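Chain by chain, the residues:
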Amino acid sequence: VEVTGTPTHDADGQVAGAVWVLRDLTDIARAEQQRAKAAHLESLGVLAGGLAHDFNNILMGAVGNLSLAQDLVPPDQEALRTRLRHAANACARARGVTSQLLTFAKGGAPIKTTASVRELVIECTRFVLSGSAVAARFDIAHDVWAADIDTNQVAQVLHNLVLNAIQAMPQGGRIDLTVRNVDLSPETVPPAAGLRPGRYVALSVQDCGVGIAPEHLNRIFDPYFTTKEKGSGLGLAISYSIVRAHGGAITVSSPPGHGATFTVYLPASMDEVVDGRAPQPTGQRRSGGMVLLMDDDAMVAEVAQEMLHAVGFATEIASDGEDAIRRFQAAEEGGTPFNLVILDLTVPGGMGGAEAVARIRAIRSGVTVFVTSGYADDDVLARFRDYGFDGVLPKPFTVPDLRRTLGRE
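Residues numbered from 1 in each chain as written. Predicted model: local features only at pLDDT ≥ 70, side-chain atom pairs only at ≥ 80, totals over all residues. Heavy atoms only, no water.

Peer 1: What is the right way to look at the overall build of the protein chain in this model?
Peer 2: The helix and strand tally for the protein chain stands at 10 helices and 14 strands. For the protein chain, the proportion of its 409 residues judged to be buried stands at 44%. In the protein chain, 70% of the contacts between residues at least 6 apart in sequence involve partners at least 24 apart. Accessible surface, the protein chain: about 21,000 Å² in total, of which carbon and sulfur atoms supply 53%. (Helix = DSSP H or I, 4+ residues; strand = E, 2+ residues; numbered from the N terminus. Buried < 20%, exposed > 50% of the residue type's maximum accessible area, 1.4 Å probe, protein only. Contact = heavy atoms within 4.5 Å. Areas by Shrake-Rupley, 256 points an atom, 1.4 Å probe, with all protein chains shown as cover.)

Peer 1: What is the right way to look at the sheet that holds strand β12 (residues 340–344) in this model?
Peer 2: In a beta sheet, neighbouring strands are held together by backbone hydrogen bonds and run either parallel or antiparallel to one another. Reading across from one edge, β11-β10-β12-β13-β14 is the order of the five strands in this open sheet, with parallel pairing throughout. On the outer flanks of this sheet lie β11 (313–318) and β14 (391–394), each paired with one strand and no other. In this sheet, adjacent strand axes meet at a mean angle of 25 degrees when their direction is disregarded. Of the strand pairs in this sheet, strand β13 (residues 368–373) and β14 are connected by four bridges, and their pairing is parallel. Across the sheet, the residue bridging to Thr372 is Leu393, located in β14. In the packing of helix α7 (residues 298–310) onto the sheet, the strands contacted are β10 (289–294), β11 and β12, and the crossing angle to β11 comes to about 160 degrees. Contacts from helix α9 (residues 353–363) reach β10, β12 and β13 within the one sheet, and its direction differs from that of β12 by about 155 degrees. (Pairing = 2+ DSSP bridges. Axes fitted to C-alpha atoms, helices over the stretch in contact; angles between N-to-C directions.)

Peer 1: Which parts of the structure should I look at to understand helix α4 (residues 151–167)?
Peer 2: Helical periodicity: at 3.6 residues per turn, an α-helix aligns residues three or four positions apart in one direction. With 17 residues, α4 should reach 24 Å at 1.5 Å per residue; the first-to-last C-alpha distance of 24 Å fits that figure. Burial analysis of α4 places 12 of its 17 residues in the buried class, which makes it a mostly covered element. The complete set of buried residues in α4 reads Thr151, Gln153, Val154, Ala155, Val157, Leu158, Asn160, Leu161, Val162, Asn164, Ala165 and Ile166. Residue Asp150 occupies the N-cap position of α4, its side-chain oxygen lying 3.1 Å from the main-chain nitrogen of Asn152. (Expected span 1.5 Å × (residues − 1). Polar contact = N/O pair within 3.5 Å; in protein donor to acceptor, adjacent residues only side chain to side chain.)

Peer 1: Help me understand the packing of helix α8 (residues 321–333) against α9 in this model?
Peer 2: How two helices pack is summed up by the angle between their axes together with the distance between the axes. Contact geometry of α8 with α9 gives a least axis separation of 10 Å together with a crossing angle of 10 degrees. The orientation of α8 with respect to α9, classified from their angle, is roughly parallel. Residues Gly321, Ile325, Phe328, Gln329 and Glu332 of α8 lie in contact with α9, whose contacting residues are Ala356, Arg359, Ile360 and Ile363. (Parallel < 35°, antiparallel > 145°, perpendicular 65-115°, else oblique.)

Peer 1: Can you help me understand the pattern of salt bridges in this one?
Peer 2: This structure, assessed with the given rule, holds 13 salt bridges. For the salt bridge of Arg326 with Asp323, the shortest nitrogen-to-oxygen distance reads 3.8 Å. Highlighted residues: Arg326 and Asp323, both in helix α8, separated by three residues, approximately one helical turn. (Salt bridge = Lys/Arg side-chain N within 4 Å of Asp/Glu carboxyl O.)

Peer 1: Honestly, helix α6 (residues 235–245) in this entry has me stumped. Any pointers?
Peer 2: Counting buried positions over the 11 residues of α6 gives eight, a clear majority of the element. Listed in full, the buried residues belonging to α6 are Leu236, Ala237, Ile238, Ser239, Tyr240, Ser241, Ile242 and Val243. Looking one or two residues past α6, Gly247 carries a phi angle of roughly 80 degrees, positive in sign.

Peer 1: Help me understand the packing of helix α3 (residues 117–129) against α4 in this model?
Peer 2: Where α3 meets α4, the axes come as close as 9 Å, and the angle between the chain directions of the two elements is 45 degrees. With respect to α4, the element α3 is oriented oblique. Two packed elements cross with a definite hand, and for α3 against α4 that hand is right-handed. Packed against α3, whose contacting residues are Leu120, Val121, Cys124, Thr125, Val128 and Leu129, the element α4 presents Thr151, Val154, Ala155, Leu158, His159, Val162, Leu163 and Ile166 at the interface. Class assignment for the residues of the contact of α3 with α4 results in 11 nonpolar, three polar and no charged. (Left-handed = near helix turned anticlockwise from the far one by under 90°. Nonpolar A, V, L, I, M, F, W, Y, C, P; charged D, E, K, R; others polar.)

All quantities given are derived from atomic positions and should not be read as evidence of function.
In structure tokens form, the structure reads like this:
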């Protein structure tokens, strides 16, 4: 509470009294806390995204060479094949970590479709609870609205929240999942949510564990903060970032001794539910040919060239966007055009893929162009068609990934 006192004076100029104004600053203070948390997470997200991008380029060398090596192992070398398979599995786990970091950071922009929250909640919860000593009780409104969401990302939020509830009840228990339609007015917007008035689907996950200590509530969404022995401290931070990227909010309440309740608000949609499966980048089977590959990292370019050769493509390498344009123009004029172009999205100090694709299409509009990157910057990978690309090849990728994306199987 802010208290302001102002003296009043009589006709002779003497102090005769005072006017006191008491102003409730609770909502202002909460809003400031939300702004500070968002700024804190954004700065950490920039750091996490940069690290993940660089690490994905390094990991590309390991993943690509392991993928190639597995195809070179003779049938009688089972021990070597097993070692390579274990190494590839370790790299796959590393890919999962960088994927989490990118989702937490500015990358990983949601690819939204109009989807049923009801089906998503039931399916994800039952999957996570499978084999545990925890049961679920659903209370979902029959007329719950659809929402414009990235189903994979929201499924990750549900996975994190349900897993968090399971860990809060090591001896077993029950999780209550409630889904309701809420139409928030300026007066009914939860103070800690920082939401605009409007229509939302509110999803609550409540456990019956010991709850969260009051001194930990303000830090519960901070990256790497955890009170669990086996927790990474990333689950709730990633969930917070995903929900905010959807234009929603996530709040937590935990009365002492009465468990914790996490509530997710997702903007509702009045559109009809559509099939949320992402379209395949290409629907045709390719029979080989010449590929123009642009990547500023020599190690990545070399291993990608070998992988393309393994799936039946001859490859020419360009170091940046301008080099790629020159080579593409020369091939057109020489009568040996490229069948496919793969452009790295980001080239430090040079022209990247987002700028180069427009100039390449100005030379030949019908050429197939894929974008590749270790970091989904400015949501280009999420909305690749809007930027002129035909498909996406996220780093690090394997030979099987390449076959699927390029229609070789």
